[in-house]
Structures are given as C-alpha cells and as structure tokens.
Protein chains: 2
Amino acid sequence: MPRPSAREIVLDAYVDILIEHGPGSVTLDAVAAKAKVSKGGLLYHFGSKEALLTGLLDRVWRLSFADVEHARTAPGGPVRYFLTSSVTDASMDKPAHRASMAALRQVGADERVAQTIRNCGQLWRNLLAEHIEDPLTAEMVGALGDGLYLRATMGEETETLANQIDEVLRRLGA
Amino acid sequence: MPRPSAREIVLDAYVDILIEHGPGSVTLDAVAAKAKVSKGGLLYHFGSKEALLTGLLDRVWRLSFADVEHARTAPGGPVRYFLTSSVTDASMDKPAHRASMAALRQVGADERVAQTIRNCGQLWRNLLAEHIEDPLTAEMVGALGDGLYLRATMGEETETLANQIDEVLRRLGA
DNA sequence: GTCTATAGATGGATAGAC
DNA sequence: GTCTATCCATCTATAGAC
C-alpha cells in the first residue's frame, strides 16, 4: 500500500466535504484545511476549483471502470455483485462509491458531471446485458440497483431488500 | 389559477437555480435576479439562505403528499401511476418533481434534507404496500421506481423501460 | 513542492428610505 | 412589501519567499 500522493489526499478531502456538507460548503480553505495543506499548497496541485471537479470526475470514471472489471470475476457472479454492492457499499467507505456520491452532489454545476455519471451507468448496464439474456430483465435489474443505490446514499434503510437479494433475482428471472 | 405569491415566485427561482446550476451557484443575488426582485425584497420573504431551504423542504413535503393522494385515484391505479410518473415527469416541469429534484441537490447541506426525502419516500412505499399484496414485490416496485427517478434526474434515456411499464408490472406480479 | 501575504471580487445580511 | 446603500466576512486566485 503506497502512501497516497498529496494530490489524492486533497481529492479525498474534497470528496469528504462534498458528501458531508454539500457543494455550497466547498471552499478552497475548507478543502485545504481538511487535507492539512495550505491553500497555496492545494493550488499547486489543482490550479482552480474547477480543476478539483475535473480531478473528481477522473477518479469517478477510473474507479467505476475498475469496479465493473472487478465485478466480472466476483464470487456470486456480476449480477449479484451489482445488486449487493449497490445496497451495501454506498453507506460504507468504498472509494468508488464515495467518489460517485460526491459527484452526484455536483450535478448541475457542470455538464461533465451528469455526463460522467451516465457513462459509468452505461458500463454497469453493459455488464448486466452481457450476463442476463433477456434485455428487459437486464434493464429492470439495473433500475432496481440504481434505486437501492439512491436510497443508500440518502441514509435509508435497505435491509428488507438487502437480505433477500437472491429471492429478488429469482423473481426477476436473472 | 390565482397569481402566485411573491414567496412562491422566489421559491421557484431557488428551485430553478438548484436544478440548473447546483447548490454551489445558489446565492441570494442569483435567486433575487431570477425572481426579478431585489436582494432586499427577497430577504423580506425569506430572512436568510437557510430560510429558503426550509421553504423548499416545506414545499417538497406538501407537494409529495398531494401527489400521493392524487395517485390513489389515478386511472391506471396507484402502482402504475408511481412507475410512469417516476420516469415521465422527472424531466418535465411537474412542480412536485422539480421541488424534490432541487432538494436532492441539497443533501448534505442540512440533515433535514435527507430526512424530508426519506419521509416522502415512505409515503410512496406505504401507498405501494397498500396496493400490492406481497411485501417483497412492493419493495421491488418501489426500488425500481426510485432507480427510474434517479436516471431521469440525470437526464438519462429511460424509454426502454418507460415503453414497457405494463410488461414490467406483469413480470413483477404487481 | 509548500508556504504566507495580499489583492480583488463576491458573499450574506442589516438599515432605513419610499 | 419592495427598494438602495452599505458593512463586513469570506472567497478565489496570484505573487513571491523558502
């Protein structure tokens, strides 16, 4: 485990603040303080506030891509991995989910945000389509997972469904 | 149709800016300009930025409650109404959806935001539970609708599922 | 590569005229 | 009920020392 670069530490702080306080509270001062660098130090790595967002979107895409690849070889299969991670990891500190949660809070701030999130969604949908024969079923699994993800990011109880993923998949025929 | 009060016009402007530019761009100046009042005029109706958020959350709850009541007597039944409106109205300018989309962008800014959204979600889940016998099926329909809603708010294509709502419901047995 | 200092702009909120 | 004017805190970004 190599020590994370200063760039990554700053990005972590940016993500933390977005998730905990929202975009209205994101200031260079706040990010620098959380990352324990000075504002000048921060601006050496990210030349502007917009550069921070760019860095976040890069991370979101990179981690989502890796997560989808990881799903391909997951023990219970990709489909099961998709649903369980939608519901389980969103509240935990899996980096891929933290990054996309942070990005979700920036929708509207820049066109690239929604674009990136859509691209990541497409990755997952492609994966599901590869492993579920019927197209409509694949779409339904995708939408259901997205719903679980949304709920988890809202701090909602998802146990009712989380404990019955196998039965859910059986009923969907996936 | 009574002319909307100044309060409502200001709230509309606040919602517009949240949806179009995100919370990072919400300033009293911007809201006042969009509502075509002065900053002083705005602050007469909402004494602070926080009061604007409070006003939004009130509206979200009020409109969601009314929408759920409206769903009870919808032509195709409440369940069908839930799914079709999740997918259709989110991109349109139905006030209930615009308000909750705006609130969604403020998650993290204040605890009450996620709380309000959870409460509204509970309203819909109760409705579904009343009209779908099997509890797990009801939960699945709810999650699927939430997924469609999330996608619609991201400007995502939802037509594949939107055109097959009846088949979706048939497969879910709802 | 990280810091301090500071410029210059913009933010939220108040006071008081009309 | 709506406006203008203003205060002061905070924000982004730059300049330049170390």
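Residues numbered from 1 in each chain as written. Chains lettered and ligands numbered in written order. Predicted model: local features only at pLDDT ≥ 70, side-chain atom pairs only at ≥ 80, totals over all residues. Heavy atoms only, no water.

Undergrad: Is there a simple way to explain the overall build of chain A in this structure?
TA: For chain A, the count of helices and strands is 10 helices and 0 strands. Seen in sequence order, chain A has helices and strands lined up from the N terminus as α-α-α-α-α-α-α-α-α-α. The C-alpha atoms of chain A give 17 Å as radius of gyration, which agrees with the globular expectation for 174 residues (16 Å, within 12%). Principal-axis analysis of the C-alpha atoms gives chain A an extent of 55 × 35 × 30 Å. Across the 174 residues of chain A, 51% fall into the buried class. Carbon and sulfur atoms make up 52% of the accessible area of chain A, which totals about 8,200 Å². Within chain A, one finds 19 positive and 23 negative side-chain charges whose respective centroids are separated by 5 Å. (Helix = DSSP H or I, 4+ residues; strand = E, 2+ residues; numbered from the N terminus. Rg over C-alpha atoms; globule rule 2.2 N^0.38 Å. Buried < 20%, exposed > 50% of the residue type's maximum accessible area, 1.4 Å probe, protein only. Areas by Shrake-Rupley, 256 points an atom, 1.4 Å probe, with all protein chains shown as cover. Lys, Arg positive; Asp, Glu negative; His and termini not counted. Charge placed at Lys NZ, Arg CZ, Asp CG, Glu CD.)

Undergrad: So what exactly am I meant to see when it comes to the domain arrangement of chain A here?
TA: Residues and elements named next belong to chain A. As far as domains go, chain A holds domain 1 (1–47) and domain 2 (53–172). Spacing between the C-alpha centres of domain 1 and domain 2 amounts to 25 Å. Contact with domain 1, which involves 11 residues of that partner, is made by 10 residues of domain 2. Here domain 1 meets domain 2 over a buried area of about 1,000 Å², counting both sides, of which 54% is carbon and sulfur. Between domain 1 and domain 2 we count 3 salt bridges in total. The salt bridge involving Glu8 is made with Arg59; its shortest N-O contact spans 2.8 Å. Where domain 1 touches domain 2, the interface holds 6 residue pairs in polar contact (both at pLDDT 80 or more). (Domains from an automatic or database assignment. Contact = heavy atoms within 4.5 Å. Buried area = accessible area lost by both parts, 1.4 Å probe. Salt bridge = Lys/Arg side-chain N within 4 Å of Asp/Glu carboxyl O. Polar contact = N/O pair within 3.5 Å; in protein donor to acceptor, adjacent residues only side chain to side chain.)

Undergrad: How do you make sense of the protein's contact with DNA strand D when you look at a structure like this?
TA: Lining the immediate surroundings of DNA strand D are 15 residues, of which Leu28 and Lys39 of chain A together with Ser38, Tyr44 and His45 of chain B lie closest. Near-protein atoms of DNA strand D (within 4 Å) split between backbone and bases, with sugar and phosphate holding 61%. Between Lys49 of chain A and DNA strand D, the recorded distance is 3.0 Å, taken from a side-chain N or O atom to a phosphate oxygen. Here Ser38 of chain B contributes a backbone N or O atom positioned 2.7 Å from a phosphate oxygen of DNA strand D. For the surface near DNA strand D, the secondary-structure elements that each account for two or more residues are helix H2 (28–35) and helix H3 (39–45) of chain A together with helix H3 (39–45) of chain B. With 4 residues, H3 of chain B is the largest single contributor of residues to the surface near DNA strand D. Here the residues of the surface near DNA strand D are counted per class, giving 6 nonpolar, 6 polar and 3 charged. (Near = heavy atom within 4 Å. Nonpolar A, V, L, I, M, F, W, Y, C, P; charged D, E, K, R; others polar.)

Undergrad: In this structure, what is going on with the interface of chain A and chain B? I would like to understand it.
TA: Many descriptions give the size of an interface as the accessible area lost when the pieces come together. Taken together, the contact between chain A and chain B spans 39 residues of the former and 39 residues of the latter. Taking both partners together, chain A and chain B bury about 3,300 Å²; carbon and sulfur atoms supply 63% of that area. The interface formed by chain A and chain B includes 8 salt bridges. Asp134 of chain A is paired through a salt bridge with Arg171 of chain B; the nearest N and O atoms lie 2.6 Å apart. Contributing elements (two or more residues each) for the side of chain A that touches chain B: helix H1 (6–21), helix H7 (111–131), helix H8 (135–153), helix H9 (159–162) and helix H10 (165–172) of chain A. Considering every element that reaches the side of chain A that touches chain B, the biggest residue donor is H8 of chain A, with 13 residues. For the side of chain A that touches chain B, the class distribution of residues is 18 nonpolar, 10 polar and 11 charged.

Undergrad: Would you explain helix H2 (residues 28–35) of chain B in this entry?
TA: Every α-helix winds through 3.6 residues per turn, so residues three or four apart in the chain are directed the same way. Residue and element names in this part refer to chain B. Three or more residues of H2 are buried, namely Val31, Ala32 and Ala35. Relative to the axis of H2, the buried residues are bounded by an arc of 100 degrees and lie together on one face. Buried residues along H2 sit in contact with helix H1 (6–21) and H3. Directly after H2, the chain includes Lys36, whose backbone phi takes a positive value near 60 degrees. (Arc of directions from axis to C-beta.)

Undergrad: Help me understand the pattern of salt bridges, please; the structure alone is not making it clear to me.
TA: When charged atoms on two side chains of opposite charge get close, those side chains can pair. Taken as a whole and assessed by the stated rule, the structure comprises 34 salt bridges over all chains. With its nearest N and O atoms 3.6 Å apart, the salt bridge here joins Glu50 of chain B to Arg112 of chain B. Of this pair, Glu50 of chain B sits in helix H4 (residues 49–72) while Arg112 of chain B sits in helix H7 (residues 111–131); the two residues are 62 residues apart in sequence, bridging distant segments of the chain. You can call Glu50 of chain B exposed: its relative accessible area is 51%. Relative accessible area serves as the criterion here: at 29%, Arg112 of chain B is assigned to the partly exposed category. Note that Arg170 of chain B is salt-bridged to Glu167 of chain B, the shortest N-O span being 3.0 Å. Of this pair, Arg170 of chain B and Glu167 of chain B both sit in helix H10 (residues 165–172), 3 residues apart, roughly one helical turn. Looking at Glu167 of chain B, the relative accessible area reads 25%, which means it is partly exposed. Through salt bridges with shared partners, one network takes in Asp134 of chain A together with Glu167, Arg170 and Arg171 of chain B.

Undergrad: Explain the relation of the copies chain A and chain B here, please?
TA: Put simply, the second copy of the chain is the first one after a rotation about an axis and a shift along it. For the pair chain A and chain B, the superposition axis carries a translation of 0.1 Å, the fit reaches an RMSD of 0.1 Å, and the rotation angle comes to 180 degrees. The transformation relating the two chain copies, once decomposed into turn and shift, fits a two-fold axis. Of the interface residues in chain A, 100% have counterparts in chain B that sit at the interface too, so the contact is made through matching surfaces. (Least-squares fit on C-alpha atoms with pLDDT ≥ 70 in both.)

Undergrad: What am I meant to see in the nonpolar core here?
TA: Generally speaking, nonpolar side chains in soluble globular proteins are found buried as a group. Counting residues in hydrophobic clusters, the biggest one holds 67 residues, and the most contacted among them are Tyr14, Val31 and Leu56 of chain A together with Tyr14, Val31 and Leu56 of chain B. When sequence neighbours within four positions are dropped, the list of residues in contact with Tyr14 of chain A reads Val26, Val31, Leu52, Leu53, Leu56 and Gln106 of chain A. Of all hydrophobic cores here, the second largest spans 50 residues; its members include Ala71, Val79 and Leu148 of chain A together with Leu161 of chain B. (Core = buried A, V, L, I, M, F, W, Y, C linked by side-chain atoms within 4.5 Å.)

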